[in-house]
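Listed below, chain by chain, are the residues.
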Amino acid sequence: MATQTQGTSDFTANLGKIYAFYTGGFLGFVVVLAILEQVGVPNNVIGYLFVALTIGVYAFIGIMSRTMQVSEYYVAGRRVPAFYNGMATGADWMSAASFIGMAGTLYLLGYDGLGFVLGWTGGYVLVAILVGPYLRKFGCYTVPDFFAFRYSGNFARFLAIIVLLSCSFTYVVAQIVGTGLIGARLLNMDFTVAVYVGLAGILVCSMLGGMRAVTWTQVAQYIVLIIAYMIPVVILSAQKFGLPLPQFTYGEVLQAITAREQEMVQQGLAAAGQIKSHIQPFTTYDPLNFFGLILCLMIGTASLPHVLMRYFTTPSVREARLSVAWSLLFIFMLYFTAPAYAAFAKLEVYQEVIGRSITELPQWIYSYGKVGLINVCGVQAADPAAVLAACQKIAGHAGILRFGDFAIQADAIVISTPEIAGLPYVVSGLVAAGGLAAALSTADGLLLAIANALSHDVYYKMIDKNAPTARRLLIARTLLIIVALLAAYTASFRPADIVAMVAWAFSLAAAGIFPALVMGIWWKRTSTAGALLGMIVGFGLCLYYLVGTRYFAGSFYEMWSFLSSATPAQAAKYAELKAAWLAAPDNAAAWKAYDTLAQSIANWWGVKNISAALFSLPLGFLIIWAVSLMTPGPTAEMRSFIDEIRKPRGKALFQEKTT
Amino acid sequence: MSNPKEATHWPRTVRLMWIMLALWAFFSFFIHFFVTALNKIVIFGFPLGFYMAAQGSLIAFVVMLFWFAYAQDKIDRDCGVAEDE
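Residues numbered from 1 in each chain as written. Chains lettered and ligands numbered in written order. Predicted model: local features only at pLDDT ≥ 70, side-chain atom pairs only at ≥ 80, totals over all residues.

- Identification of chain B as DUF4212 domain-containing protein from Blastochloris sulfoviridis is taken from an unreviewed UniProt entry.

- The name an unreviewed UniProt entry assigns to chain A is Cation acetate symporter, from the organism Blastochloris sulfoviridis.
- Recorded in UniProt under Subcellular location (unreviewed entry), the annotation for chain A is "Membrane".
- In its Sequence similarities (unreviewed entry) section, UniProt records this for chain A: "Belongs to the sodium:solute symporter (SSF) (TC 2.A.21) family." (UniProt positions renumbered as here; feature names shortened; annotations may be inferred.)

### A closer look at the overall build of chain A
Right, so step 1: Of regular secondary structure, chain A possesses 28 helices and three strands.
Right, so step 2: Relative to a compact globule of 659 residues, whose C-alpha radius of gyration would be 26 Å, chain A shows 26 Å and is just as compact.
Right, so step 3: Expressed along its principal axes, the backbone C-alpha trace of chain A runs to roughly 80 × 65 × 45 Å.
Right, so step 4: Among the 659 residues that make up chain A, the fraction classed as buried is 55%. (Helix = DSSP H or I, 4+ residues; strand = E, 2+ residues; numbered from the N terminus. Rg over C-alpha atoms; globule rule 2.2 N^0.38 Å. Buried ≥ 20, exposed ≤ 12 C-beta atoms within 10 Å, placed from the backbone.)

### Points about the overall build of chain B
Right, so step 1: A tally of helices and strands in chain B yields three helices and two strands.
Right, so step 2: Reading chain B from its N terminus to its C terminus gives the helix and strand order α-α-β-β-α.
Right, so step 3: Relative to the 2.2 N^0.38 estimate, which gives 12 Å for 85 residues, the radius of gyration of chain B is 18 Å and therefore markedly larger than a compact globule would have.
Right, so step 4: With 85 residues in all, chain B has 36% of them scored as buried.
Right, so step 5: Intrachain contacts of chain B at a sequence separation of at least 6 include 60% that bridge at least 24 residues. (Contact = placed C-beta atoms within 7 Å.)

### Here we look at the domain arrangement of chain A
Residues and elements named next belong to chain A.
Right, so step 1: Parsing chain A into structural domains produces domain 1 (21-344 + 422-522) and domain 2 (528-646).
Right, so step 2: Put simply, the middle of domain 1 and the middle of domain 2, counted by C-alpha atoms, are 27 Å apart.
Right, so step 3: On the domain 2 side, the residues contacting the 30 residues of domain 1 number 26 residues.
Right, so step 4: When contributions to the side of domain 1 that touches domain 2 are tallied by element, the ones reaching two or more residues are α7 (114-138), α9 (154-186), α13 (287-301) and α22 (496-522).
Right, so step 5: The greatest single-element share of the side of domain 1 that touches domain 2, amounting to 13 residues, is contributed by α22.
Right, so step 6: Classifying every residue of the side of domain 1 that touches domain 2 by side-chain character gives 22 nonpolar, six polar and two charged. (Domains from an automatic or database assignment. Nonpolar A, V, L, I, M, F, W, Y, C, P; charged D, E, K, R; others polar.)

### Description of the interface of chain A and chain B
Right, so step 1: Across the contact, 37 residues belong to chain A and 35 residues belong to chain B.
Right, so step 2: Where the side of chain A that touches chain B is concerned, the elements lending two or more residues are α7, α12 (246-266), α13 and α15 (317-335) of chain A.
Right, so step 3: For the side of chain A that touches chain B, the residue count by class is 25 nonpolar, six polar and six charged.

### Things to note about the UniProt feature "domain: Sodium symporter small subunit" (unreviewed entry) in chain B
Right, so step 1: The UniProt record annotates "domain: Sodium symporter small subunit" (unreviewed entry) at residues 8-81 of chain B.
Right, so step 2: The annotated region residues 8-81 of chain B carries 74% helix and 5% strand content, and the separation between its end C-alpha atoms amounts to 11 Å.

### A few points about the sheet that holds strand β2 (residues 379-380) of chain A
Residue and element names in this part refer to chain A.
Right, so step 1: Spatial strand order, β2-β1-β3: three strands in an open sheet with antiparallel pairing. Edge positions in the sheet fall to β2 and β3 (406-408), since each of these pairs with one other strand and no more.
Right, so step 2: Sheet analysis places strand β1 (residues 374-376) next to β2, joined by two bridges and oriented antiparallel. By the bridge assignment, N375 is partnered in β2 with Q380. (Pairing = 2+ DSSP bridges.)

### Considerations on the environment of A:R157
Residues and elements named next belong to chain A.
Right, so step 1: Topologically, R157 is positioned in helix α9.
Right, so step 2: According to the C-beta neighbour criterion, R157 is buried, with 23 such atoms within 10 Å.
Right, so step 3: Along the backbone, R157 and K461 are 304 residues apart, and their C-alpha atoms lie at a distance of 9.3 Å.

### With respect to helix α16 (residues 338-353) of chain A
Residues and elements named next belong to chain A.
Right, so step 1: Given a rise of 1.5 Å per residue, 16 residues ought to cover 22 Å, and the 22 Å separating the end C-alpha atoms of α16 matches this to within 8%.
Right, so step 2: Three or more residues of α16 are buried, namely A338, P339, A340, Y341, A342, A343, F344, A345, K346, L347, V349 and Y350.
Right, so step 3: One or two residues past the end of α16 sits G355, with phi positive at roughly 95 degrees. (Expected span 1.5 Å × (residues − 1).)

### Description of the UniProt feature "transmembrane region" (unreviewed entry) in chain B
Residue and element names in this part refer to chain B.
Right, so step 1: Sequence positions flagged by UniProt for "transmembrane region" (unreviewed entry) are, in local numbering, residues 16-35 and 41-68.
Right, so step 2: Secondary structure across residues 16-35 divides into 70% helix and 0% strand, with the first and last C-alpha atoms of the span separated by 28 Å.
Right, so step 3: Within the segment residues 41-68, helix and strand shares are 75% and 14% respectively, and the terminal C-alpha atoms sit 31 Å apart.

In structure tokens:
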């Protein structure tokens, strides 16, 4: 045991050298592949080499970090320095959707998309000031541990586990779907094969070493993903402006986009009002939904267990605080680059695609049209002949591509940038490796959060309190594999709804966890009854709003029509469509028309379901406050425990046998 | 109570928390209420309202957090409740 501890501290002391060497090695590898490409090695070989080598490195780190100690498995031995924990959190946080989809969302929504950029960064301020350092001092292994301790017992633990599972499972499935899509689109693999390759990549990182292995692979994955994200857009910026700082040069691009938006209308390529201005606010969301979305994403960030548990691994409370700051810096690097991607891609499309003759479209349109990411004239832009035929069918089409003829999916923006910039395939391979790193690292963190809740909270704390260490670790690993297989199996069906439901995770976590967590730390008077009731009602209301407005839109609207934002015209249309559907219950088109309209008006005061926590958060706080005042407060012992949590000095309260 | 200042630790921590929360609310919400007016100011091609949501607020968050880590640590040390190095 002594030698192992010695080995670990050597490792910690040499972290800088190890990761500098790793980064250099990775860049060297990119250069070697670039040379191989020049001498004629085919593209798919380059792509597979990228995936094989990066997953190989993660597997190597995962196997080197294997452990048989409980505290290493659950919290990486609490030895991860702030800086590296920040990088690991960055990779943990930035998912396949951030890497591949974020820039595309900004492309499609313009200013309104920035709600996501703000929401997914500002939450870290709340983590640092309200939650993270206090949980670190408390010294728990999982977030439900805190609930069980503060709110006397396993019922609170059980509630926290329910919230954790409901927000994490859909999220991890979406990550595995992400690996499948990256494999299918960038590497021409079969979707299902790519899903199981992703699964293998996730398991080798997490199974043997738990949190310890996930931490050190996430650091490695952050380095790959940030390099992969920066390189294409940096080169593009250097080509266009002679300055490799896209984050600063895209100001001029914004001006050019605005000018071109007006020009396209003047040239008759778009009808007035058809184009969403890129810089004007509130073209997609009204202000209530824009700010509601920001609030829900931020508070959701500060409640998601896979994020919070990263701060359990630092050596001290001080480092936990500093680590949140580093995390945000590393996350910021990607999020402040995403709008530049969006702007460059938009200008390229507006100048080089819209207004061109149908027969002279750039080649990249067909590359991504083939995989279903770009439609022209209403059909998949698979090849020039298909596009030409489709456009000729449109009455009065002059053979010039108009604004309305062109449709691109959000996912295409980052993926296609290397080709738009005319870069060799090796850069596309790099982007694939980066996207894969983003998906795998987030999946690892989530999977560990789920499996730990099941093995530590459910099995060890609720079923068998005397389980020996070896059995606890065996159970933890078995559950990890089972959950991973279950997630991959679900993902192999490509569930479209699951991906949309990821956005729900933020509202669910915010509604279920945040009020009880924050009040438990900041208000000593918070009673068990108050917290439990607040969690149940807050989470229940949020779930009701999400499911009701999405899956039972018609009945939700009818029950709450007096709160709906529907205009009289919409209400009349609703009655008409409902009658049409009732007359022909088997007609899918009638149902779709009815349900689509119902979903748009099934709401309270116009709040979209992505911001569902807007109702449950205030209610949760209010219930906890009111019920706490009506019920007996915590014992004197608990009050002094809370005092201890608030002071960095002193031992962790939550002592565990660790070996 | 080994350090007479220990009793002031929590009130000072709470005060810092409210300051941070106010700054957070300012950069998350308040500044963006004026996006349309701010967009009339253009710096290096960036309309200011757009810039604040795309970069300005984000930079503020990062700086705030490093400052917070420093300020809270100072309070902890001052009141004698900081951890040993």
